[in-house]
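Structural characterization, general
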Amino acid sequence: MPEQRTLHMIGNAHIDPVWLWQWPEGYQEVRATFASAIDRMAEYPEFVFTCDSVQYLAWVEEHDPDLFDAIGKRIAEGRWQLVGGWWIEPDCNLPSGESFVRQALYAQRYLREKFDVTVTVGCNVDPFGHNASLPQLLRKSGMDSYVFMRPGPHELTLPGPYFWWESPDGSRVLTYRIPHEYGSSGQDLGYQVDKSLAQLPPDAPELMVFYGVGNHGGGPTKANLDSIRRLDAADGLPRLRCGSPRDYFDRLVAGGERIPVHAGELQHHAVGCYSAHSGVKRWNRRAENLLARAEKWAAVACVLGEVAYPYARLGQAWRQVLFNQFHDTLGGAAIEPAYEDSRDQYGHAGSLAGAAFNRAVQSLTRRIDIPAEPDMTPLVVVNPHPWRLVADVELEFGGFAAAGARVVDDGGNPVAVQRTRSKATVNGGRRRLAVAADVPPLGYRVYRIYPAEEAGEPGVRATDTVLENDFVAIELDPATGWVRRLRAKVSDVDVAGPGPHAVVIDDASDTWGHRVRAYDKVAGVFAVRSVRLVESGPVRAVLRVVSEYGASTLTEEYVLGARDRHVEVRVTLDWHERQKLLKLRFPTALTDTDATFEIPYGHLTRPADGSEETAQAWVDVSGALPGGRRAGLAVLNDGKYGHDVLGGDIGITAARSPVYAWHEPKELDPDELYSYQDQGRQEFTVRLVPHAGDWRDARVVRLAAELNQPAFPLLESYHDGDLPQARSFMSVDGDAVLPAVLKMAEDGDDAMIVRAYETTGKASEATIEVLGRTVTASFGPAEIKTFKVPRDPETPVEETDLIEWPA
């Protein structure tokens, strides 16, 4: 009966700190909204305010301590309800797995320190879809339930408004999809209640309806709260009570109702946000990886007694990154000036990470014993990964006048080297070298560079259209610039298929890409202007393809190293099209395909139906070649997130040019002057990995990590020291488990933190050696584990949660 049902009225104020305004305006709107909520509490004793995004509390603490104290008192009495447990409401697809960890780590620790509370309800009401790993990430950071709104019922059918949401590892959180809207007008809530009830089942005893003026803040008004009193007294409606998500979920569980399960991701909404504003996507990926690299080496330097761990600097950098992962910022939906702020903030984070890394590494390299030799320049190559890294590194060099160079490793063995084009355009003095490095796991190796006149024999067989080593062969069609042949030689599979490569799509959708499933309205293709061999030597060979479309130019350099089992494509795009989208397609000859996409700390198989999808650093299509043999192609990237797979054809959305912050149904005025996204030059890198079997057989996860965190070359000098010329500080056995994080514990540098995850979807065992300690553990499929590793060898290693709190 209606009178037996309860509507939990959730007073909130969804605040976009950046969107159609820049962050200083968001900073002010937070203070005004929170002050209003405090005022309403004095006027309406039944009113409960629900608040997420810890960044906003940190802002208030920073500039209005009296308001902060008042909020603290209301938290203590239970009327200011904290949800979310994250630093901000980020895009819930694009950040890395570790970024989601840090959203919780910095937020939950702040709340514990300031208010002695821990959030147990996750809340992301406005982001544009939710990745499948989130239930595990939420559970392991102290949250057992979750609230969201997008995608809506017209975009994704779910078993009901509430359900258990299950991630690939089996973790579950009790989840509620907000009906109608998360916000309301500031007037009577009758319309809000009616529209919400229309989306909800008529027999559910407990439901939530969210209200309060939002987006630009505001929160619940007097008219809102007066109408709740009026509606609660009306016949024919459920009981209305001011409540909180925590109370709602507790009552739902206590009711004993059988609650259905939904496994997998919650998609799709606004798929254009996967690719809107290439710049912010690239800044985000770069900053995430700079921070991960800095933490590893700062931990090594700390444990070896060289430098104190830079907690404050790294924490500041991470918070800058987390703030800029806000869904409208990272999703590309904000106004153009907001991206000037974002560029500077990501740059600041990258600078802090770079300084921490440099200090840590050079505190160690100065301790390496490097004897002086005539005409010799030492080179130290640093590996940021806990596995052996075989990779070609490039460095600017001006150590001697000879035209060439020869290189040997720490054992005196010759190492391939070749001269390549310097980044400096000057007469003499500077050159750029490519060196074929081989570096121990999370370690370094010293190389010695000497002058030489001989260039050495080519390591790759190369013509103007073909590159081939002992492992891979690629052939380009000179008439089109497309890949004609892509063969993994060891397994003897050629995966290339016919079809266009650089495809221009008509895209009349708004900035978000509302109501788009697939970008498939072909406007044309880039036409090849030239294909030629531009570099060949002992280390590698390079083919350059230049093509054009309209006012845009695409330059792709296909790079094959002598030891590589992949082909690298270095892309420079000078894009000047409007309301169009560039797909770089990689057709294969595969049928009966499985399409696998990397997601935060995991992977997911999706239909190969051409739908626009989000992915992290790699996408793979595996299937049957003509004749039935199983093979595949993985495409890796260092800063793109929008992808599709259609049959055996992988597409990367390389550029997209809607008008900034344009939301339907607003129509563009043909006489108005607009600013379009992605205009001008951008650079990114793709790797093509042909393979037999499926992606697990090709080390795809590790290859993607190596692309995004490359080896670091450092020219050194002669000095005595107590460290050898090659050393490893951390390693892992096997390929299934990937240790992604090494850092010092948040509670002090007497212990390290190691975080690793299972990458293949199969139960695995792993042994991790780190700075004299051993971590041995069993991982379930797709499981993330965090270990606290004391520096004292007598103190046992213990598993902990993502917040680093003891069990």
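Focus on the overall build of the protein
Each helix and strand counted, the protein has 13 helices and 46 strands in total. Viewed in the frame of its principal axes, the protein has a C-alpha envelope of about 95 × 65 × 50 Å. Classification of the 807 residues of the protein by burial places 63% in the buried group. Accessible surface, the protein: about 29,300 Å² in total, of which carbon and sulfur atoms supply 49%. When the 84 positive and 114 negative side-chain charges of the protein are each reduced to one mean point, those points stand 2 Å apart.

Quick word on the side chain of Arg 656
Among the structural elements, Arg 656 can be located in strand β36 (residues 649–656). Judged by relative accessible area, which is 0%, Arg 656 ranks as buried. There is a polar contact of 2.8 Å between the side chain of Arg 656 and the side chain of Asp 507. There is a polar contact of 3.0 Å between the side chain of Arg 656 and the side chain of Ser 509.

A few points about the environment of Arg 540
Structurally, the position occupied by Arg 540 is in strand β26 (residues 540–549). Along the primary structure Arg 540 and Tyr 56 are separated by 484 residues, whereas in three dimensions their C-alpha atoms are 51 Å apart. Setting aside anything within four residues of it in sequence, one finds Arg 540 in contact with Glu 394, Gln 418, Thr 420, Ala 434, Val 460, Glu 535, Val 559, Leu 560, Gly 561, Ala 562 and Arg 570.

Looking at the sheet that holds strand β41 (residues 737–744)
Sheet strands pair via backbone hydrogen bonds, and the direction of the pair is either parallel or antiparallel. Spatial strand order, β41-β42-β45-β46: 4 strands in an open sheet with antiparallel pairing. Each edge of the open sheet carries a strand with a single partner, namely β41 and β46 (798–800). Each strand axis lies, on average, 30 degrees off the axis of its neighbour in the sheet, ignoring direction. Pairing of strand β42 (residues 751–758) with strand β45 (residues 784–790) involves 7 bridges; the strand directions are antiparallel. Bridge assignment links Ala 756 to a residue of β45, and that residue is Lys 785. Most of the contacts of helix α9 (residues 278–303) go to β41, to which it runs at about 55 degrees, and overall it touches β41 and β42.

Considerations on the environment of Ile 38
Within the element layout of this structure, Ile 38 appears in helix α1 (residues 23–43). In this structure the C-alpha to C-alpha distance between Ile 38 and Arg 79, which are 41 residues apart in sequence, comes to 9.8 Å. Residues in contact with Ile 38, not counting those within four places in the same chain, are Leu 67, Ala 70, Ile 71, Arg 74 and Trp 80.

Description of unusual backbone geometry
Of note, the bond from Gln 267 into His 268 is cis; its omega dihedral lies within 30 degrees of zero at 0 degrees. Mapped onto the fold, His 268 is located in the loop between β10 (261–263) and α9. Cis geometry is adopted by the peptide bond preceding Pro 665, which originates at Glu 664 and carries an omega value of 5 degrees. In this structure, Pro 665 sits in the loop between β36 and β37 (680–692). Phi angles above zero are rare outside glycine, and Asp 116 is one such case at about 60 degrees. The topology assignment puts Asp 116 in the loop between α4 (97–115) and β4 (121–124). Look at Asp 678: it is not a glycine, yet its phi comes out positive at around 65 degrees. Assignment of secondary structure puts Asp 678 in the loop between β36 and β37. Look at Asp 678 and you get buried, because its relative accessible area is 11%.

Considering the state of the cysteines
This structure, assessed with the given rule, holds 0 disulfides. The structure places no disulfide on Cys 273, whose sulfur is separated from the nearest cysteine sulfur, that of Cys 92, by 12 Å.

Focus on the side chain of Glu 468
Tracing the backbone through its elements, the reader meets Glu 468 in strand β19 (residues 466–468). A polar side-chain atom of Glu 468 sits 2.8 Å from a polar atom in the side chain of Lys 489.

Concerning the environment of Val 101
Mapped onto the fold, Val 101 is located in helix α4. Leaving out residues up to four positions away in the same chain, Val 101 has contacts with Leu 137, Tyr 601, Arg 755 and Leu 802.

A word on the nonpolar core
The biggest cluster of nonpolar side chains holds 176 residues, and the ones touching the most others in it are Phe 34, Trp 80 and Trp 297. The element best represented in this core is α9, accounting for 12 residues. In this view, Trp 80 contacts Phe 34, Ala 37, Ile 38, Met 41, Phe 49, Cys 51, Ile 71, Arg 74 and Ile 75; residues no more than four positions away in its chain are not counted.

Thoughts on the pairing of strand β16 (residues 431–439)
Both faces of the sheet carry side chains from a regular strand, because those side chains alternate between them. Among the 9 residues of β16, 8 are classified as buried, and the element is accordingly described as predominantly covered. When strand β12 (residues 389–397) meets β16, the two strands line up antiparallel, connected through 9 bridges. When the sheet's bridge partners are listed, Glu 394 is paired in β16 with Ala 434. Sheet topology note: the strand β15 (residues 417–420)/β16 ladder contains 4 bridges and is antiparallel.

Some points on the packing of α9 against helix α10 (residues 311–324)
Helix-helix packing is described using two parameters, namely the angle between the two axes and the distance between the axes. Following both chains from N to C, one finds α9 and α10 inclined at 160 degrees, their axes separated by 10 Å at the closest point. As the angle between them shows, α9 and α10 are arranged roughly antiparallel. In the crossing of α9 with α10, the sense of the turn from one axis to the other is left-handed. Together, Asn 284, Ala 287, Glu 288, Leu 291, Ala 294 and Glu 295 of α9 and Leu 314, Ala 317, Trp 318 and Val 321 of α10 make up the contact between the two elements. Considered class by class, the residues forming the contact of α9 with α10 number 7 nonpolar, 1 polar and 2 charged.

What counts and what doesn't
Residues numbered from 1 in each chain as written. Predicted model: local features only at pLDDT ≥ 70, side-chain atom pairs only at ≥ 80, totals over all residues. Heavy atoms only, no water. Helix = DSSP H or I, 4+ residues; strand = E, 2+ residues; numbered from the N terminus. Buried < 20%, exposed > 50% of the residue type's maximum accessible area, 1.4 Å probe, protein only. Areas by Shrake-Rupley, 256 points an atom, 1.4 Å probe, with all protein chains shown as cover. Lys, Arg positive; Asp, Glu negative; His and termini not counted. Charge placed at Lys NZ, Arg CZ, Asp CG, Glu CD. Polar contact = N/O pair within 3.5 Å; in protein donor to acceptor, adjacent residues only side chain to side chain. Contact = heavy atoms within 4.5 Å. Pairing = 2+ DSSP bridges. Axes fitted to C-alpha atoms, helices over the stretch in contact; angles between N-to-C directions. Disulfide = S-S within 2.5 Å. Core = buried A, V, L, I, M, F, W, Y, C linked by side-chain atoms within 4.5 Å. Parallel < 35°, antiparallel > 145°, perpendicular 65-115°, else oblique. Left-handed = near helix turned anticlockwise from the far one by under 90°. Nonpolar A, V, L, I, M, F, W, Y, C, P; charged D, E, K, R; others polar.

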